[in-house]
Amino acid sequence: MAKTPEPGDLIRVTKGKTTYTGVVMPGTLSGSSDILIIKLSNGYNIGLNKDEIEVEILEKAAPPLEKPESMRISGKGNREVVLVGTGGTIASKVEYRTGAVHPALSATELAESVPELREICSIRTKPVFNILSENISPSHWVTLAEEIYRLAEEGVDGIVVPHGTDTMHYTAAALSFMLSGTGMVFVGAQRSSDRPSSDAHLNLIEAVSTALTDIGESVVVMHGESSDSFAYIHRGNRVRKMHTSARTAFRTINGSPLGKVEGSKVEWLKPYRKQSEPELHAHLKENVVMLQAFPGLTTEILEKMAENAQGIVITGTGLGHVSSSLIPAIQEIIKEGKPVVMTSQCLYGSVNLNVYETGRDLQRAGVITLGDILPETALVKLMWVLGRTADMEEVRKIMKTNIAGEIEDRRLLRDLE
Ligand code: ASP
């Protein structure tokens, strides 16, 4: 190999009578490797023995641009939306070395990659972290809530939080309890922003448009159907990622979306919470566990999980059941002052412990039920409630109170009134 190309260069490689054109992948040019790997235009990688090829550099890679961390991008009108960057696929690029997606775009680069945003308003970027959402923990929610609260106090026109999709519904639900009175629009993408098929651009435009309304609660704005025509606005504590890869992965469970956004046109379909004085309640007790009931779940596993936890959320079978053999252990856990909340792994429908004997026994043991609340929402709500009080009766009372629209079960809400 005569010339040494650099990662990112577009090259033509000749091997015998065959030629290949592609981009040089980083990490494949070190002296220790005999193989040069290039990415072809069809997306496939090919490895070639350096001793057997001739290389012609067609185009040098552009030098990486240094972008300031936080920046204002001027756009139309006099309103400004702040992008509070957290990472995820929406802020990711394909890493050419491994072909894997990793968060590499700053919030500023992300905003600049969607010039249409400038037709709507100005954008200010505020990176908080840049990680995949599977790495987000409750302490990140606290940082995020405090950051968003500061922006809300400042009186910004809108707040959008680009976030990984894997745990976006946990964060959106957590923030719905930790922060009230302000709009927070969570948005993600199922395909990284550097891919032509990415859903990042449309989702971002629609999220920014939603943030500019008088929305005063935590919502998730994501693709509404598989073609690029509209997004739905989901209440942050009623939504769930329901597909590993489809653009329409996010669904409001046990209800319908709050609204629909088409470009910059927002259509509300249901009543939503409007802005008011922002209030921050960012107290959490992190050691709450979630345990799915399954055939074969033993008392030992249950007790082990409960050992270091302050509260447990069970995703029970059907109407909210576990094997009867576990009920004495559950009763003991509750007696120790650790609340046990029952949700259903069915997701759709409400927990009802009045129908079967197992359910009645669970009720007698003191298990807390919350109608049609999502298990993930019950988990973050229990962390939040335990951050406020350790008094079991108080915990039960607050858990059963509809704080941020997280319980929609009419029957239960009537009972609570
Ligand atoms: N694993 C990624 C994340 O949650 C997936 C995504 O963003 O879509 O950060």
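Residues numbered from 1 in each chain as written. Predicted model: local features only at pLDDT ≥ 70, side-chain atom pairs only at ≥ 80, totals over all residues. Heavy atoms only, no water.

### Section: the environment of Met-383
Under the convention used in this document: Numbering of helices and strands runs from the N terminus; a helix is a DSSP stretch of H or I covering at least four residues, while a strand is a stretch of E covering at least two. Three labels apply to residues, based on accessible area from a 1.4 Å probe with only protein chains included: buried if under 20% of the type maximum, exposed if over 50%, partly exposed otherwise in between. It only takes one pair of heavy atoms within 4.5 Å for two residues to be counted as in contact.
Among the secondary structure elements, Met-383 is positioned in helix 8 (residues 375-386). We classify Met-383 as buried; its relative accessible area is 5%. Spatially, the C-alpha atoms of Met-383 and Glu-286 are 5.8 Å apart, while their sequence positions differ by 97 residues. In this structure Met-383 touches Pro-138, Trp-141, His-283, Leu-284, Lys-285, Glu-286 and Val-288, once residues within four positions along its chain are discounted.

### Focus: the sheet that holds strand 21 (residues 288-292)
Which entries qualify depends on this criterion: At least two DSSP bridges between two strands are needed for those strands to be called paired.
Read from one edge of the open sheet, four strands run 21-22-23-24, paired in parallel fashion. Edge strands, defined here as strands with exactly one partner in the open sheet, are strand 21 and strand 24 (368-369). Pairing of strand 22 (residues 311-316) with strand 23 (residues 340-344) involves five bridges; the strand directions are parallel. Counterpart to Ile-312 in the pairing with strand 23 is Val-340.

### Side note on the side chain of His-163
Keep this limit in mind: N or O atoms within 3.5 Å of each other form a polar contact, as long as, within protein, one can give a hydrogen and the other can take it, and as long as residues adjacent in sequence are counted only when both atoms are side-chain atoms.
Structurally, His-163 is set in the loop between strand 11 (158-162) and helix 3 (168-178). Side chain to side chain, His-163 and Thr-171 meet in a polar contact 2.9 Å long. Those residues in contact with His-163, other than ones at most four positions away along the chain, are Thr-86, Gly-87, Gly-88, Ile-90, Ser-133, Ile-136, Met-168, Thr-171, Phe-186, Val-187 and Gly-188.

### Points about the packing of aromatic side chains
Stated formally: Centre distance within 6.5 Å is the pairing criterion for rings of Phe, Tyr and Trp, where only the six-membered ring of Trp is used; planes under 30 degrees apart are then read as stacked, over 60 as edge-to-face, and the remainder as tilted. Here, over-ring charges are defined by two tests on the NZ atom of lysine or the CZ atom of arginine: distance to the ring centre within 6 Å, and angle to the ring normal within 35 degrees.
Per the counting criterion, the structure on display carries three aromatic pairs. Ring centres of Phe-230 and Tyr-232 lie 5.1 Å apart, and the angle between their planes is 80 degrees; this geometry places the pair in the edge-to-face category. Relative accessible area serves as the criterion here: at 13%, Phe-230 is assigned to the buried category. Judged by its relative accessible area of 24%, Tyr-232 falls in the partly exposed class. Positioned above the aromatic ring of Phe-230 is the side chain of Lys-260, whose terminal nitrogen or guanidinium carbon lies 4.4 Å from the ring centre. Geometry around Tyr-272 places Lys-274 over its ring, the cationic atom sitting 5.0 Å from the centre.

### Considering the pattern of salt bridges
Going by this rule: Here, a salt bridge means any side-chain nitrogen of Lys or Arg that lies within 4 Å of a carboxyl oxygen of Asp or Glu.
Enumeration according to the criterion identifies 20 salt bridges in this entry. Residue Lys-338 pairs with Glu-336 through a salt bridge whose shortest N-O separation is 3.8 Å. Judged by relative accessible area, which is 14%, Lys-338 ranks as buried. On the basis of relative accessible area, Glu-336 is assigned to the exposed category, the value being 55%. Two residues, Arg-396 and Glu-393, come together in a salt bridge whose shortest N-O distance is 3.8 Å. Residue Arg-396 and its partner Glu-393 are located together in helix 9 (residues 392-400), separated by three residues, close to a single helical turn. Its relative accessible area of 23% is what places Arg-396 among the partly exposed residues. The exposure class of Glu-393 is exposed, given its relative accessible area of 54%. Sharing partners across several salt bridges, the network here consists of Arg-72, Glu-80, Arg-124 and Glu-154.

### Regarding the packing of helix 2 (residues 138-154) against helix 3
Heads up, the condition is: To define axes, lines are fitted to C-alpha atoms, for helices over the stretch in contact only, and angles between the resulting N-to-C directions are given on a 0 to 180 degree scale. Angle categories are assigned with fixed cut-offs, so that under 35 degrees is roughly parallel, over 145 is roughly antiparallel, 65 to 115 is roughly perpendicular, and the rest are oblique. Here is the rule for handedness: rotate from the far helix to the near one, and if that takes an anticlockwise turn smaller than a right angle the crossing is left-handed, while a clockwise turn gives right-handed. Under the scheme applied here, ten amino acids are nonpolar (Ala, Val, Leu, Ile, Met, Phe, Trp, Tyr, Cys and Pro), four are charged (Asp, Glu, Lys and Arg), and all others, including Gly, are polar.
At their nearest, the axes of helix 2 and helix 3 sit 10 Å apart, and the two run at 55 degrees to each other. Relative to helix 3, helix 2 is oriented oblique. Seen along the crossing, helix 2 lies across helix 3 with a hand that is right-handed. Across the interface between the two elements, Trp-141, Val-142, Leu-144, Ala-145 and Ile-148 from helix 2 touch Tyr-170, Thr-171, Ala-174, Leu-175 and Met-178 from helix 3. Residue composition of the contact of helix 2 with helix 3, by class: nine nonpolar, one polar and no charged.

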